[in-house]
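What follows is each chain in one-letter form.
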Amino acid sequence: MALFDAMSIAGSGMLAHRKWLDAVSDNISNINTASRTSDDAFKERMVSVQAVEYGQGDGGVQVSGVSFGSGEGRIVYEPDNPLADENGNVKYPDIDLGDQMAELMMAQRGYQANATVIDRATDAYKAALALGKG
Amino acid sequence: MTSPIPGVSLAGFTGVSAIGGATSAPAASSTSGSDFAGILATSLDQLQSTQSKADNLATQAATGDLQDVHDYMIASNEASLATEMVVAIKNQAVSAFNEIMRMQV
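Conventions adopted
- Residues numbered from 1 in each chain as written.
- Chains lettered and ligands numbered in written order.
- Predicted model: local features only at pLDDT ≥ 70, side-chain atom pairs only at ≥ 80, totals over all residues.
- Heavy atoms only, no water.
- Helix = DSSP H or I, 4+ residues; strand = E, 2+ residues; numbered from the N terminus.
- Contact = heavy atoms within 4.5 Å.
- Areas by Shrake-Rupley, 256 points an atom, 1.4 Å probe, with all protein chains shown as cover.
- Salt bridge = Lys/Arg side-chain N within 4 Å of Asp/Glu carboxyl O.
- Buried < 20%, exposed > 50% of the residue type's maximum accessible area, 1.4 Å probe, protein only.
- Buried area = accessible area lost by both parts, 1.4 Å probe.
- Polar contact = N/O pair within 3.5 Å; in protein donor to acceptor, adjacent residues only side chain to side chain.
- Nonpolar A, V, L, I, M, F, W, Y, C, P; charged D, E, K, R; others polar.
- Lys, Arg positive; Asp, Glu negative; His and termini not counted.
- Patch = residues over 30% accessible without salt bridge, like charges linked within 9 Å, V, L, I, M, F, W, Y side chains within 5 Å.
- Charge placed at Lys NZ, Arg CZ, Asp CG, Glu CD.

(A) View of the overall build of chain B. For chain B, the helix and strand inventory stands at three helices and zero strands. Listing each helix as α and each strand as β along chain B from the N terminus yields α-α-α. Within chain B, counting contacts between residues at least 6 apart in sequence, those at least 24 apart form 73% of the total. If you sum the accessible surface of chain B, you get close to 6,700 Å²; carbon and sulfur atoms cover 62% of it.

(B) Structural context of the pattern of salt bridges. For the structure shown, the criterion picks out five salt bridges over all chains. One salt bridge connects Asp40 of chain A with Lys43 of chain A, and the closest N-O pair in it is separated by 3.5 Å. In this structure Asp40 of chain A comes out as partly exposed when scored by relative accessible area, which is 49%. Judged by relative accessible area, Lys43 of chain A falls into the partly exposed class, the value being 30%. Within the structure, one salt-bridge network assembled from shared partners comprises Arg18 and Asp22 of chain A together with Asp68 of chain B.

(C) Inspection of the interface of chain A and chain B at higher detail. Counting from both sides, the interface comprises 16 residues of chain A and, opposite them, 14 residues of chain B. Carbon and sulfur atoms make up 67% of the surface buried where chain A meets chain B, a total of about 1,400 Å² over both sides. Between the two partners, chain A and chain B, sit one salt bridge. Here chain A is connected to chain B by three residue pairs in polar contact (both at pLDDT 80 or more). For the side of chain A that touches chain B, the secondary structure elements donating two or more residues are helix H1 (5-29) and helix H2 (97-129) of chain A. Broken down by class, the residue content of the side of chain A that touches chain B amounts to 11 nonpolar, three polar and two charged.

(D) Local environment of the side chain of Asp5 of chain A. Within the secondary structure, Asp5 of chain A is located in helix H1. For the buried Asp5 of chain A, no salt bridge exists, and the shortest N-O distance to an oppositely charged side chain is 9.7 Å, to Lys53 of chain B. Not counting chain neighbours up to four residues away, the residues in contact with Asp5 of chain A comprise Tyr54 and Tyr125 of chain A.

(E) How the structure looks around a negative patch on the surface. Residue and element names in this part refer to chain A. The grouping of Glu72, Asp94, Asp96 and Asp99 at the surface amounts to a negative patch. Along the chain, Asp94 turns up in the loop between strand S4 (89-92) and H2. Of the residues examined, Asp94 reaches a relative accessible area of 55% and is grouped as exposed.

Written out as structure tokens, the structure reads:
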């Protein structure tokens, strides 16, 4: 909608950050997922976004795609694991929890910032509508 | 939750278009085709579509089909703002009309 553009633009930012949150959540939930050494380990999910040019499109941001990290993982000696190979090794995803927590904070703060933009835009539009009421 | 206003329909604005016709008739050369009644009708159409969008999202929220929470909140926010705007336009128009009616002749 052209009239209250700031809100739909901030909405696209919220959508992008929500998908980022989903990806981080996926990565953290699978951080201890072991797999066979013959298979790929869980691949880190990375959301890539791009700007929608204001004037040509609606403005804002859109998710351009999801890319995956390496499935190489790290080999851990766990002979008790039912997925262990003949040498007693399993594969764990090579995801850094510290990185994921940092990304989680960035995604959360970005989501909140966009929500604040919507709040402020609503206030601003309301002020414009109250013009002339004395 | 926002719901469409059944009372506010374009049928109720025939009087306004009559006013527009009355004012545009003497000064036909100055009107560019978009008289006040047309503008009001367009904004009412937009209001209707905004409200039905918010309604659809509210239904999706109730049935569990809603993908994004903020989608509904933004749509209902937009619908309420658009309603406020159309009401403000209407109030201004009515007060202008009343001002003219109070004019001494």
